[in-house]
Amino acid sequence: MRATPSYCSVVLVSILSAALPSSLAFAPPTGTRSTISRGRLLFSSAPSSSSSSLRASSIDEESIAESIQDTIVESTSNKQRRVAILLCPAQFCVPKDYEDLLSAIRDDVEHRSKLVDVVATRVAPLPRTEWIKVAKQLPTKQFLDANLSVEVTLDWYFEAMERALSEMFAEAGEDIEICVVGHSIGGWVARAFIGGLSGSSTAVHRLANERITSLITLGTPHISPESALVDQTRGLLREIAQEPSCSSAALHDRGVKITCVASSGLAGNLLTSEVEELIAATSYLPLIGRLGKDVRGDGIVPTDLAFMDAPARRVVIEKCLETGSPVRHAHVLPTPWNLWDGSAPSWALPDEIVWYGSPGVVSQWFKYIE
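Residues numbered from 1 in each chain as written. Predicted model: local features only at pLDDT ≥ 70, side-chain atom pairs only at ≥ 80, totals over all residues. Heavy atoms only, no water.

Helix and strand content of the chain: 11 helices and 12 strands. Split into buried and exposed, the 370 residues of the chain put 44% on the buried side. Entry remark: accessible area of the chain is about 18800 Å², with carbon and sulfur atoms responsible for 54%. (Helix = DSSP H or I, 4+ residues; strand = E, 2+ residues; numbered from the N terminus. Buried < 20%, exposed > 50% of the residue type's maximum accessible area, 1.4 Å probe, protein only. Areas by Shrake-Rupley, 256 points an atom, 1.4 Å probe, with all protein chains shown as cover.)

What follows is the structure, given as structure tokens:
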């Protein structure tokens, strides 16, 4: 008796045929037997007889289902992802200080990445005047005890991040993926925001928690060691580092891929006539409590402090690929005294000063935008 193909088998074959290129979606030639392997129709010769008619037993429904799934997964993996970038600025830096960096990122991604489409970019809208709000914590016992609260002290920074996120969702849609790039202090503030220390319960914050897929920190201190001569963050960084929800493992489990980028280009030395080495020494020594040939960094943040634990990636950059110059912490000199124009660009350092956002440096880390 001739067997009739099951309804499920017919539907699966129809779906697969529709999903295949038109050159493959045709009936097998007379006298051949068709099979399906990883999304392709394969034909083999077979005697033309009643015994070679389509039978239910000749169609492996599980194989067909697996083939369809493989086809869908392969198609999805090759699809360009729509990514928006939120940049969290360093202390006293303003959005205009990062225009060239965002332009360089867009250019590099456009020309070198086939998997990512940068659909929106924003810098958290922080004029330098906002940093004055930290001053209200100065006379408190929490400040003197180095026990400041992240939620209370940095609420104004978190609110600025949410404003930028809201603008990106409005511009590019709520289905975008978000990569947060934090420069210097902006890296650990972003880490706190993603880890839930902002205390926010807004719709924007909830949506951001679902859509943030990666965090890249540039020259960010992630550790507040006991050996430090002074706790410059007055307990803020320690709270973030000790909060389980802000750990690399916890964020990774939520689907947030972390990349910590640091420079090892500059040593610190107090017994030298080199100005940059002197400046580096006066920064490294208070932060980690020691100097030595093994202590290197970007002139402000030593590499000893610039990385989170695994599974976060560690990217050490020593020099610019185009000029060979060491990579410094920043490209501008913040101007905290310029309060009459809080959004004016900071003082630009000479063009030969290379930093994390310079050509030949961005190309060493932009591939982690995902």
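Having seen the model, we can carry on.
With respect to the secondary-structure elements, Thr335 resides in the loop between strand S11 (332-333) and strand S12 (347-348). For Thr335, a relative accessible area of 2% puts it in the buried group. Beyond its immediate stretch of four places on either side in the chain, Thr335 contacts Arg128, Ser346 and Trp347. (Contact = heavy atoms within 4.5 Å.)

Topologically, Pro95 is positioned in the loop between strand S3 (81-88) and helix H3 (99-112). It is 5.4 Å that separates the C-alpha atoms of Pro95 and Val123, two residues lying 28 residues apart in sequence. Leaving out residues up to four positions away in the same chain, Pro95 has contacts with Val123, Ala124, Pro125 and Leu126.

This brings us to the pairing of S3. Along S3, 6 of the 8 residues are buried, which leaves the element largely enclosed by surrounding structure. Note that S3 and strand S4 (residues 116-123) share 7 bridges and pair parallel. The residue bridging Val83 from the neighbouring strand is Val118, located in S4. Each parallel crossover has a hand, and the one from S3 via H3 to S4 is right-handed. (Pairing = 2+ DSSP bridges. Right-handed = clockwise from strand over helix to strand, strands pointing away.)

Before going further, it helps to spend a moment on the pattern of salt bridges. What the rule picks out here adds up to 12 salt bridges. Residue Lys141 is joined to Asp145 by a salt bridge in which the shortest nitrogen-to-oxygen separation is 2.5 Å. Judged by its relative accessible area of 60%, Lys141 falls in the exposed class. Classification of Asp145 as partly exposed rests on a relative accessible area of 43%. With a shortest N-O distance of 2.9 Å, Glu370 and Arg313 are connected by a salt bridge. Of this pair, Glu370 sits in the segment after S12 while Arg313 sits in strand S10 (residues 313-317); the two residues are 57 residues apart in sequence, bridging distant segments of the chain. Take Glu370: its relative accessible area is 14%, and that puts it in the buried class. (Salt bridge = Lys/Arg side-chain N within 4 Å of Asp/Glu carboxyl O.)

Among the secondary structure elements, Arg254 is positioned in the loop between helix H10 (248-253) and strand S7 (257-263). A sequence separation of 59 residues divides Arg254 from Gly195, and the C-alpha atoms of the two residues are 9.9 Å apart. Excluding its chain neighbours within four sequence positions, the residues that come into contact with Arg254 are Ile194, Gly195 and Asn209. Of the polar contacts made by the side chain of Arg254, one reaches the backbone oxygen of Ile194; its length is 2.6 Å. (Polar contact = N/O pair within 3.5 Å; in protein donor to acceptor, adjacent residues only side chain to side chain.)

This part covers the packing of aromatic side chains. The relative placement of two aromatic rings is captured by the distance of their centres and the angle of their planes. Applying the stated criterion across every chain, the model contains 7 aromatic pairs. Summarising the aromatic geometry, the rings of Trp156 and Tyr157 are spaced 5.8 Å apart at their centres and angled 50° between planes, so their arrangement reads as tilted. For the pair Trp156 and Tyr157, a shared accessibility class is recorded, and that class is buried. Through pairs of rings, three or more aromatic residues link up here, namely Phe92, Trp131, Trp156 and Tyr157. The ring of Phe143 carries Arg234 above its face, with NZ or CZ at 5.2 Å from the centroid. (Phe/Tyr/Trp six-rings, centres within 6.5 Å; stacked < 30°, edge-to-face > 60°. Lys NZ or Arg CZ within 6 Å of the ring centre and 35° of its normal.)

Taken over all residues, the pLDDT of the chain has a mean of 83, while the share at 70 or more is 79%. The low-confidence segment residues 1-59, where pLDDT is below 50, has 59 contacts with residues more than four positions distant or belonging to other chains. In this model, residues 71-76 is a region of pLDDT below 50 whose contacts with residues beyond four sequence positions or in other chains number 2 contacts. (pLDDT = per-residue confidence, 0-100.)

A word on unusual backbone geometry. Across the junction of Ala310 and Pro311, the peptide omega takes the value 15°, indicating a cis bond. Residue Phe92 is not a glycine yet carries a positive backbone phi of 70°. Here Phe92 is to be found in the loop between S3 and H3. Residue Phe92 is classed as partly exposed on the basis of its relative accessible area, which comes to 22%. Although it is not a glycine, Ala146 sits at a positive phi angle of roughly 55°. Position of Ala146 relative to the elements: it lies in the loop between helix H4 (141-144) and helix H5 (150-153).

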